[in-house]
Amino acid sequence: MGEREVEHQDALKVNEAEQAIGAQDLGRARALLDDVASRTPPLYQWRFEENGKVFYRFWDQAEFLHFATIRPPPEGTKEVVWLLGAYPRAHYYLAFLDVHMGRPDSAERHLQAALALEPDHPMCLCELGLIRRGLGQLETSLEAYEAALTLRPIIDARKRAMAMRGKAVTLIEMGRLDEAEVSLVESLKFEPGHHVAVNELDYIKDLRAGAPKASAQLTRPEQPQVACEACDQDVSAVNHRVLSVEGRVVHVCKTCEGKATKSWWQFWK
């Protein structure tokens, strides 16, 4: 089995781990992720060329659609091949689990491993910002969120909004309420009505009215959503269809069920 096929199989295991996390089966998720992380290559490229083709590794549907549809790659006539990445994602989710267990040192080690492979990925940088904020390292937390927003030119709406919310929470901790408010309002342009942004804006109003400041803790302000593959709405709390498509678990809301023709996953190689 070639390296690319090994990574594809490992990527499917990371998908399984994501589903296990969503089902709160954290032991199974960690076992899957540890297994994948054990095969992390010393060299890893998000974009590379081979035999006249250009290859891109992506984490999820949103990244793929944003790059392939909204920002088409300037590759001329070269064939573009989309690959589902495994190893930075595996380390990211191991860090996610460590944060959940209150192990910031171990979480940061996994994030540094992920960033060594993909130094500009916004999810890793947002998680680093979360950890640093929980440890009271507010300046470096803010730097991580700023990097998440600026280092990679292609960042989809959900990740951009997440980074803006994280940045705002850190700014609130720093007492920079006006800047935090601007960041939260801007985030709502990318994810309208998001409950975290709305709640933080209410919290800023309370602080300005003299309410006591809540104590900062190393807790995650938002859990990963389970999104409908067709319309991208959060379906984690509602009844929806779960399908297996070419070895991947996908979710489809009731509104979109039965309407899809050629779906996004059919473009993956």
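Quick notes on the rules
Residues numbered from 1 in each chain as written. Predicted model: local features only at pLDDT ≥ 70, side-chain atom pairs only at ≥ 80, totals over all residues. Heavy atoms only, no water. Helix = DSSP H or I, 4+ residues; strand = E, 2+ residues; numbered from the N terminus. Areas by Shrake-Rupley, 256 points an atom, 1.4 Å probe, with all protein chains shown as cover. Expected span 1.5 Å × (residues − 1). Buried < 20%, exposed > 50% of the residue type's maximum accessible area, 1.4 Å probe, protein only. Arc of directions from axis to C-beta. Contact = heavy atoms within 4.5 Å. Pairing = 2+ DSSP bridges. Axes fitted to C-alpha atoms, helices over the stretch in contact; angles between N-to-C directions. pLDDT = per-residue confidence, 0-100. Salt bridge = Lys/Arg side-chain N within 4 Å of Asp/Glu carboxyl O. Parallel < 35°, antiparallel > 145°, perpendicular 65-115°, else oblique. Left-handed = near helix turned anticlockwise from the far one by under 90°. Nonpolar A, V, L, I, M, F, W, Y, C, P; charged D, E, K, R; others polar. Core = buried A, V, L, I, M, F, W, Y, C linked by side-chain atoms within 4.5 Å.

Trainee: Hey, could you run me through the overall build of the protein chain in this one?
Mentor: The helix and strand inventory of the protein chain stands at 10 helices and five strands. Carbon and sulfur atoms form 52% of the exposed surface of the protein chain, whose accessible area is close to 13,500 Å².

Trainee: Sorry if this is basic, but what is going on with helix α9 (residues 177-190) here?
Mentor: Along an α-helix, a turn takes 3.6 residues, which lines up residues three or four apart on a common side. Here α9 spans 21 Å end to end across 14 residues, near enough to the 20 Å set by a 1.5 Å rise per residue. Listed in full, the buried residues belonging to α9 are Leu177, Ala180, Ser183, Leu184 and Ser187. The buried residues of α9 occupy one face: seen down the axis, they fall within an arc of 120°. Facing away from the buried side of α9 by over 90 degrees, the exposed positions are Asp178, Val182 and Lys189. Residues of α9 that are buried sit in contact with α8 (157-173) and α10 (195-208).

Trainee: Explanation requested: the sheet that holds strand β3 (residues 79-84) in the structure shown.
Mentor: In any sheet, the strands associate via hydrogen bonds between backbone groups, in a parallel or an antiparallel arrangement. Ordered by their spatial adjacency, three strands build an open sheet running β1-β2-β3, and the pairing between neighbours is mixed. A strand with exactly one partner marks an edge of an open sheet, and here the two such strands are β1 (47-50) and β3. Sheet twist, expressed as the mean angle between neighbouring strand axes with direction ignored, is 25°. Summarising the sheet, β1 and strand β2 (residues 53-58) pair through four bridges and their orientation is antiparallel. Across the sheet, the residue bridging to Arg47 is Tyr56, located in β2. Relative to the sheet, helix α1 (residues 3-22) contacts β1, β2 and β3, its axis offset from that of β3 by approximately 45°.

Trainee: Is there a simple way to think about the confidence of the model for the protein chain in this case?
Mentor: Low pLDDT means the predicted coordinates in that region are not meant to be read closely. Taken as a whole, the protein chain shows an average pLDDT of 83; of its residues, 76% reach a score of 70 or greater. Within the model, the stretch residues 260-269 combines pLDDT values under 50 with 23 contacts to residues more than four positions away or in other chains.

Trainee: Which parts of the structure should I look at to understand the pattern of salt bridges?
Mentor: Side chains that differ in charge, positive against negative, can pair when their charged atoms come close. Under the criterion given, the structure shown has 23 salt bridges. The closest approach of N and O atoms between Asp156 and Lys159, which form a salt bridge, is 2.8 Å. Here the two residues Asp156 and Lys159 agree in accessibility, since each one is buried. A salt bridge links Lys189 to Glu186, with the nearest nitrogen and oxygen atoms 3.0 Å apart.

Trainee: It is not clear to me how the packing of helix α5 (residues 104-117) against helix α6 (residues 122-134) should be interpreted in this structure. Could you clarify?
Mentor: Two quantities define a packed helix pair, namely the angle between the helix axes and the distance between the axes. At their nearest, the axes of α5 and α6 sit 10 Å apart, and the two run at 155° to each other. By the angle class used here, α5 and α6 are roughly antiparallel. Taken as a pair, α5 and α6 cross one another with a handedness that is left-handed. Two secondary-structure elements touch here, α5 through Pro104, Ala107, Glu108, Leu111, Gln112, Ala114 and Leu115 and α6 through Cys124, Leu125, Glu127, Leu128, Ile131 and Arg132. For the contact of α5 with α6, the class distribution of residues is nine nonpolar, one polar and three charged.

Trainee: I keep staring at the nonpolar core and nothing clicks. Help me out?
Mentor: The tendency in soluble globular proteins is for nonpolar side chains to be buried side by side. Leu33, Tyr92, Tyr93, Leu111 and Cys124 are the most contacted members of the largest nonpolar core, which totals 42 residues. Listing elements by their share of this core, those giving two or more residues are α1, α2 (26-37), α4 (87-100), α5, α6, α7 (138-150) and α8. No other element matches the nine residues that α4 contributes to this core. Sequence-distant contacts of Cys124, that is, excluding residues within four places in its chain, are made with Trp59, Tyr92, Leu111, Ala114 and Leu115.

Trainee: Help me understand the environment of Phe190 in this model?
Mentor: Relative to the assigned elements, Phe190 resides in helix α9. Residues Phe190 and Arg158, 32 residues apart in the sequence, show an inter-C-alpha distance of 6.7 Å. Ignoring anything within four residues of it in the chain, the contact list for Phe190 reads Ala157, Arg160, Ala161 and Met164.

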